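Chain by chain, the residues run as shown.
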Amino acid sequence: MRKTSLKARVGLTLAVPALVLLPLGTFRPNRVVRGIPLNAATLLEGKSLIAAVVVLVIAAGLYVFRDRIRNSMVLYVVPWLLGFVPGLLMLLLSQASPAGESFDMEVARISLSSGFWLLFAGILILQSGAPRGGILMTLTVLFAIAVPGVGLTPHLALYKEFINIEVTFYAELRRHLTLSLTSAAVALLPGILLGYVCHRHQRLREWILGVVNLFQVAPTLSLLGLIMIPLTYLSRNVPLVADLGIRGVGFAPAFIVLTLYCLLPITANAFSGFDQVEAAVVDSAVAIGMTKRQIFRQVLLPLALPVIFSGIRTAVTQNVGNTILAGLIGGGGMGALIFLGLSQSATDLVILGTIPVVLMALIFDVVFKLFEDRMTQRVGVAHDSLDTGI
Amino acid sequence: MIRLTQVYKAYGAQEALKGVDLEVPEGQCAVLIGPSGCGKSTLLKTINRMVGINAGSIEVNGKNIADYAPELLRRQIGYCIQGVGLFPHFNVHDNIAVVPRLLKWPESHIEERVKALMEMSGLPDAYRLKKPRELSGGEAQRVGVCRALAADPPVLLMDEPFGAVDPLTRERLQLAFMEIQRALRKTVVFVTHDVEEAILLADRVVLMNQGLILDAGAPGKFAGDIEDPFVKSFLGSEYPLKLLKRFSARDLGLEKLPEWLEAIPESGNIVLQSDVSLKEVLSEMMRLGLHAVPIESESGRFVRVEYDDLANYLSEVSKL
């Protein structure tokens, strides 16, 4: 209960000042002009709208401090109502224009500003503490995506950028997914095997973990640079490599670096997964007459699987983020959009590229976590005969 | 039957076994006992090749163990350890069925076998689908014994199997094991550091120290004079008293003893039956402050058991 109301308080202290003090959007007459900030006061025309917002803020306040007052069940509606706010706000922003002037709405656009994002974050944090918070947050985000998604916000800068590059957007998204998932998948088998070797051979352990760790601490960018050198050399001197389409830039180096990056979480988790299997269990597997392969497949692997899986989860979520860097060396993915946006100072394009990455990372995290929990349940905790007594 | 001849094992400079000879006849239970680090566990593990030996030879049922692939050898030897080592992701049935499955028994046969074993070891049928974590320590230990017995191996190795449970459970498990052993007559090598456990379960107590067998014999043997000072101090001065627990009043040959002619003493207890241990008989004498107590024999006679009968029996046993 305590923690819940803390989350709600943090959310509220983020959301209210964002709403009141910061600009929620920026009106730009065209793509490159600086633009005019739009804050809540200019946005909320009409008394009924202002009244609705005031009521909602007060309700949120009551909800957050509900443990100090009479804790009414009605208040639990508040987090659900707040879920509509980001989507509706986008709707409002899309229709807004500064008073007194007229613009060509073909090129004019409204960017979402700091106030909007902070408000959004504050609402999500507040919701995270509510009952069924996970579902609530998901619905809020889905609603916020759906509103521009069905074309209700034609003047939103994000929407305009999206329409401009729609075809490329999906292509890069697919490429991003392919790149991050396949490179993680390729790291899977060697990662688990290396973890097994670490578990079996104490002497090799330090070496393997050391090298794997090295990939992890080396900055991704410099690793990309390093891998480009041998690949360029190979593609120039070995015809087969060139025939395969491998060059110093593009898909290949990005793929290799991402695979190397996935090795550490998978290897380290596989090792500790195998290592946490009780010695008595492995001993009795040996004594019973299982072969090494049978022990690995029937005992070690299933018992280590939840821990290995958590390594895979780390690898995949981290990989989704790291894949952005592939954009730098022509590997494609959302990074291509982001760096394009950066080079054109088109913040909206950068954000458009970032949002799917964040969402993908979150989705993978949640989905893998579900698998992991199910596996942990099936395997159960290690049996400790000393603890159970009679 | 198990025969070890001049078995030698060293870990680097550390000699774990310094030439051990041991023979366990078929159907007998040999209990290896000694202080920690004496090599008893190592010796046990050489028999199923969990520990390789440097010199000497080991025969199981007349065949040198070096002639088998280790996995095939181990499937013919039941093995049971402290902490059980049950597979936490298997349920009770699957845990017991591991070795029969390795041996590719037909599944229907396995089903029957598991059922029979669970019944024999006093586990309710409803436990078949439980996971090890849902069992108490004693129950898990029973499952461990079942698993060791599952493929009906002629030889059973047990490494302090009842070491990790509380005394009450341990006694129950020991009794259950004795019953099973009486019925199945496996060739058993059992490691313990508990003298009382050795007395209770052993056909032959094997005393080890520093990688050597110091002495071996029926449990009664050590109630008499012991020359070796280490053996004497390890077994303790209470050894004869502990030994009494192994035998029951029946072993005295109650029918030969004279009738109890006096009034039955008022002790608040019912009269001792023929299946009480000699330790209980002695306790009863001490409680009543008498040199003799009445015991009801199997034919319903009240016979007179005197303190001297106990003392004579012990000295008789120690000479066997």
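The rules we used
- Residues numbered from 1 in each chain as written.
- Chains lettered and ligands numbered in written order.
- Predicted model: local features only at pLDDT ≥ 70, side-chain atom pairs only at ≥ 80, totals over all residues.
- Heavy atoms only, no water.
- Helix = DSSP H or I, 4+ residues; strand = E, 2+ residues; numbered from the N terminus.
- Rg over C-alpha atoms; globule rule 2.2 N^0.38 Å.
- Buried < 20%, exposed > 50% of the residue type's maximum accessible area, 1.4 Å probe, protein only.
- Contact = heavy atoms within 4.5 Å.
- Areas by Shrake-Rupley, 256 points an atom, 1.4 Å probe, with all protein chains shown as cover.
- Patch = residues over 30% accessible without salt bridge, like charges linked within 9 Å, V, L, I, M, F, W, Y side chains within 5 Å.
- Salt bridge = Lys/Arg side-chain N within 4 Å of Asp/Glu carboxyl O.
- Pairing = 2+ DSSP bridges.
- Axes fitted to C-alpha atoms, helices over the stretch in contact; angles between N-to-C directions.
- pLDDT = per-residue confidence, 0-100.
- Core = buried A, V, L, I, M, F, W, Y, C linked by side-chain atoms within 4.5 Å.
- Phe/Tyr/Trp six-rings, centres within 6.5 Å; stacked < 30°, edge-to-face > 60°.
- Lys NZ or Arg CZ within 6 Å of the ring centre and 35° of its normal.
- Expected span 1.5 Å × (residues − 1).
- Bend = angle between axes of the 7 residues up to and from the residue.
- Lys, Arg positive; Asp, Glu negative; His and termini not counted.
- Left-handed = near helix turned anticlockwise from the far one by under 90°.
- Nonpolar A, V, L, I, M, F, W, Y, C, P; charged D, E, K, R; others polar.

Caption draft 1: Expanded view of the overall build of chain B. If you tally the helices and strands in chain B, you get 12 helices and 13 strands. Taken over the C-alpha trace, chain B has a radius of gyration of 22 Å; the compact-globule value for 320 residues is 20 Å, and the two agree within 12%. Summarising its shape, the C-alpha atoms of chain B cover approximately 65 × 50 × 30 Å along the three principal directions. A total of 320 residues make up chain B; the buried ones form 52% of that total. Counted over contacts in chain B with a minimum sequence separation of 6, partners at least 24 positions apart contribute 67%. For chain B, the accessible surface area stands at approximately 14500 Å², while carbon and sulfur atoms represent 49% of it.

Caption draft 2: Region of interest: a nonpolar patch on the surface. Residues and elements named next belong to chain A. A contiguous nonpolar surface patch, about 410 Å² in accessible area, is contributed by Ile50, Val54, Ile58, Leu62 and Ile69. Relative to the assigned elements, Leu62 resides in helix H3 (residues 47–64). Since its relative accessible area comes to 39%, Leu62 is described here as partly exposed.

Caption draft 3: The arrangement of the pairing of strand E2 (residues 14–24) of chain B in detail. Residue and element names in this part refer to chain B. Two strands pair when backbone bridges link them, and strand E1 (residues 2–11) and E2 are joined in this way by eight bridges, in the antiparallel orientation. Counted as the bridge partner of Arg3 is Glu23 from E2. Between the end of E1 and the start of E2, which pair antiparallel, lie two residues, with Gly12 showing a positive phi angle near 60°.

Caption draft 4: Quick look at the pattern of salt bridges. Summed over the entire model, instances satisfying the criterion amount to 20 salt bridges over all chains. One salt bridge in this structure joins Glu107 of chain B and Arg101 of chain B, with 2.7 Å as the shortest N-O distance. The class for Glu107 of chain B is partly exposed, based on a relative accessible area of 41%. Glu255 of chain B is paired through a salt bridge with Arg301 of chain B; the nearest N and O atoms lie 3.1 Å apart. With Glu255 of chain B in the loop between helix H10 (239–244) and strand E11 (272–273) and Arg301 of chain B in the loop between strand E12 (292–296) and strand E13 (302–306), the pair connects residues that are 46 residues apart, well separated along the chain. Because the salt bridges share partners, they merge into one network encompassing Arg313, Asp365 and Glu372 of chain A.

Caption draft 5: Spotlight on the sheet that holds E11 of chain B. Residues and elements named next belong to chain B. The strand order across the open sheet formed by three strands is E11-E12-E13, and the pairing between neighbours is mixed. The sheet is open, and its two borders are formed by E11 and E13, each paired with just one other strand. Along the sheet, helix H11 (residues 278–288) contacts E11, E12 and E13; its crossing angle with E12, the most-contacted strand, is approximately 130°.

Caption draft 6: Inspection of the confidence of the model for chain A at higher detail. Per-chain confidence: chain A averages 85 in pLDDT, with 95% of residues scoring 70 or above. In this model, residues 382–390 of chain A is a region of pLDDT below 50 whose contacts with residues beyond four sequence positions or in other chains number 23 contacts.

Caption draft 7: Seen up close, the nonpolar core. Counting residues in each nonpolar core, the largest one holds 94 residues, and the members touching the most others are Leu93, Phe274 and Met290 of chain A together with Phe87 of chain B. Ranked by residues supplied to this core, first place goes to helix H15 (residues 292–322) of chain A with 12 residues. The contact partners of Leu93 of chain A, leaving out residues within four places of it in the chain, are Leu24, Gly25, Leu38, Leu43, Ile110, Leu112, Phe116 and Leu156 of chain A. Within the second largest apolar cluster, 67 residues are counted, among which are Met118, Ile226, Val305 and Leu314 of chain B.

Caption draft 8: Spotlight on unusual backbone geometry. Residue and element names in this part refer to chain B. Despite not being glycine, Asn61 has its phi angle at roughly 50°, a positive value. Positionally, Asn61 belongs in the loop between strand E4 (55–60) and strand E5 (63–64). On the basis of relative accessibility, which here comes to 42%, the residue Asn61 falls in the partly exposed class. Unlike most non-glycine residues, Gln210 shows phi in positive territory, near 50°. Following the sequence through the fold, Gln210 ends up in the loop between strand E9 (204–209) and strand E10 (212–217).

Caption draft 9: Just the packing of aromatic side chains, in detail. Residues and elements named next belong to chain B. Enumeration according to the criterion identifies 21 aromatic pairs over all chains in this entry. Considering the side-chain rings of Phe162 and Phe177, the 6.4 Å spacing of their centres and the 65° angle between planes classify their relative orientation as edge-to-face. Highlighted residues: Phe162 in the loop between strand E7 (155–159) and helix H7 (167–184) and Phe177 in helix H7, separated in sequence by 15 residues. Here Phe162 matches Phe177 in class, with each residue buried. One Lys or Arg, Lys130, reaches over the ring of Tyr127 and ends 4.3 Å from the middle of that ring. Here the guanidinium or amino end of Arg147 rests over the ring plane of Phe87, the centre of that ring lying 5.1 Å away.

Caption draft 10: Spatial organisation of the sheet that holds E9 of chain B. All names here are of chain B. Taking strand neighbours across the sheet as the criterion, the six strands line up as E6-E7-E8-E3-E9-E10 in an open arrangement whose pairing is mixed. Whereas interior strands pair on both sides, the edge strands pair on one side only; in this sheet they are strand E6 (77–81) and E10. Neighbour-to-neighbour, the strand axes of this sheet turn through a mean angle of 15°, independent of strand direction. Where E6 and E7 come together, five bridges link them in parallel fashion. Looking at E7, one finds that Cys80 is bridged to Met158. The strands that H7 touches are strand E3 (29–33), E7 and strand E8 (187–192); relative to E8, the one it contacts most, it runs at about 160°.

Caption draft 11: Fine view of H15 of chain A. Here H15 of chain A is 31 residues long, yet its end C-alpha atoms lie only 37 Å apart, well below the 45 Å a rise of 1.5 Å per residue gives. Maximal helix bending in H15 of chain A amounts to about 55°, located at Leu305 of chain A; proline Pro306 of chain A follows within four positions.

Caption draft 12: Local environment of the side chain of Arg142 of chain B. Relative to the elements of secondary structure, Arg142 of chain B occurs in helix H6 (residues 137–149). Buried within the structure, Arg142 of chain B lacks any salt-bridge partner; its nearest side chain of opposite charge belongs to Glu139 of chain B, at an N-O separation of 7.3 Å.

Caption draft 13: How the structure looks around the packing of H11 of chain B against helix H12 (residues 307–318) of chain B. Residue and element names in this part refer to chain B. Running from N to C, H11 and H12 point in directions that differ by 145°, and their axes come no closer than 10 Å. Crossing handedness for the pair H11 and H12: left-handed. Packed against H11, whose contacting residues are Leu278, Val281, Leu282 and Met285, the element H12 presents Tyr307, Leu310 and Tyr313 at the interface. Its residues assigned to classes, the contact of H11 with H12 comprises seven nonpolar, no polar and no charged.

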